[in-house]
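Observations on the three-dimensional arrangement
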Amino acid sequence: MRGVPILSLEKREQLRRFITLVDVLYERKVQLVLHAESELSTLFRDERLVARKDQKVDEDVRKGTGEKKEVDEEFFAFDRTASRLMEMQTQHYLSLVKDEERRRARAKRV
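None of these values were measured; they are calculated from a predicted model.

To continue, consider unusual backbone geometry. For residues besides glycine, phi is generally negative; the peptide bonds are generally trans as well. In this model, Lys29 sits at a positive phi of 55 degrees, which is unusual for a non-glycine residue. Examined against the element boundaries, Lys29 turns out to sit in the loop between helix 1 (12-27) and helix 2 (47-53).

Taking 1.5 Å per residue, 19 residues should reach 27 Å; helix 4 (residues 91-109) reaches 27 Å between its end C-alpha atoms and fits that length. Restricting attention to buried positions, one finds in helix 4 the residues Tyr93, Val97 and Glu100. Angular distribution of buried residues about the axis of helix 4 spans 65 degrees; they occupy a single face of the element. Looking at helix 4, the residues exposed on the side facing more than 90 degrees away from the buried face are Gln91, His92 and Arg109.

In this section: the nonpolar core. Grouped together as the largest cluster of nonpolar side chains are 20 residues, with contacts concentrated most on Leu7, Leu15, Phe18, Leu43, Phe44, Phe78 and Met88. The set of elements that each furnish at least two residues to this core consists of helix 1, helix 3 (67-87) and helix 4. In contact with Met88, other than residues within four places in its own chain, are Val22, Leu25, Tyr26, Val30, Leu32, Tyr93 and Leu94.

A volume near 220 Å³ is recorded for the largest pocket. Split into classes, the residues belonging to the lining of the largest pocket amount to nine nonpolar, three polar and one charged.

Relative to the helices and strands, Ala36 is located in the loop between helix 1 and helix 2. On the basis of relative accessible area, Ala36 is assigned to the partly exposed category, the value being 32%. For Ala36 and Val4, which are 32 residues apart along the polypeptide, the C-alpha to C-alpha distance reads 4.3 Å. Apart from the residues lying within four places of it in its own chain, the contact partners of Ala36 are Val4 and Leu43.

Right, let's talk about the confidence of the model for the protein for a bit. Mean pLDDT over the protein works out to 85, with 80% of the residues at or above the 70 mark. Across the protein, the element-wise mean pLDDT spans from 54 in helix 2 up to 96 in helix 1.

This part is about the pattern of salt bridges. For the structure on display, the rule yields nine salt bridges. Here Arg16 makes a salt bridge to Glu74, at a shortest N to O gap of 3.2 Å. Of this pair, Arg16 sits in helix 1 while Glu74 sits in helix 3; the two residues are 58 residues apart in sequence, bridging distant segments of the chain. The class of Glu74 is buried, set by a relative accessible area of 8%. Across the pair Arg104 and Glu100 runs a salt bridge whose closest N-O atoms are separated by 3.3 Å. With a gap of four residues between them, Arg104 and Glu100 both fall in helix 4, about one helical turn apart. Assessed through its relative accessible area of 32%, Arg104 is described here as partly exposed. Classification of Glu100 by relative accessible area gives buried; the value is 14%.

What counts as what
- Residues numbered from 1 in each chain as written.
- Predicted model: local features only at pLDDT ≥ 70, side-chain atom pairs only at ≥ 80, totals over all residues.
- Heavy atoms only, no water.
- Helix = DSSP H or I, 4+ residues; strand = E, 2+ residues; numbered from the N terminus.
- Expected span 1.5 Å × (residues − 1).
- Buried < 20%, exposed > 50% of the residue type's maximum accessible area, 1.4 Å probe, protein only.
- Arc of directions from axis to C-beta.
- Core = buried A, V, L, I, M, F, W, Y, C linked by side-chain atoms within 4.5 Å.
- Contact = heavy atoms within 4.5 Å.
- 1 Å grid on protein atoms, 1.4 Å probe; cavity = no way out; pocket = protein on both sides within 12 Å on 5 of 7 lines; lining within 4 Å.
- Points joined across faces, edges and corners; volume = space filled by probe spheres on them.
- Nonpolar A, V, L, I, M, F, W, Y, C, P; charged D, E, K, R; others polar.
- pLDDT = per-residue confidence, 0-100.
- Salt bridge = Lys/Arg side-chain N within 4 Å of Asp/Glu carboxyl O.

Here it is as structure tokens:
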């Protein structure tokens, strides 16, 4: 996959589609080669929130909007995605991919 942009909350739909795609590929044991505009550690950033993420954004700032919960969910979801992308680079995962490819090939012959 080429051209993965830096993701942010301002493009939340794009972020969610990327997360969903990685989830599906991971669950189906598909090998993924990713070319992105940034390294994984900086692929998702939101300048107005990243600095406050670890400080648990004051409730007063988002009082009544529910945005804090949504922001926390997006950070959690991307953290899971980043973890999956790291795992997808391991020998263990790649051996699972090969096993799955062999299984699919046998199923097609039957």
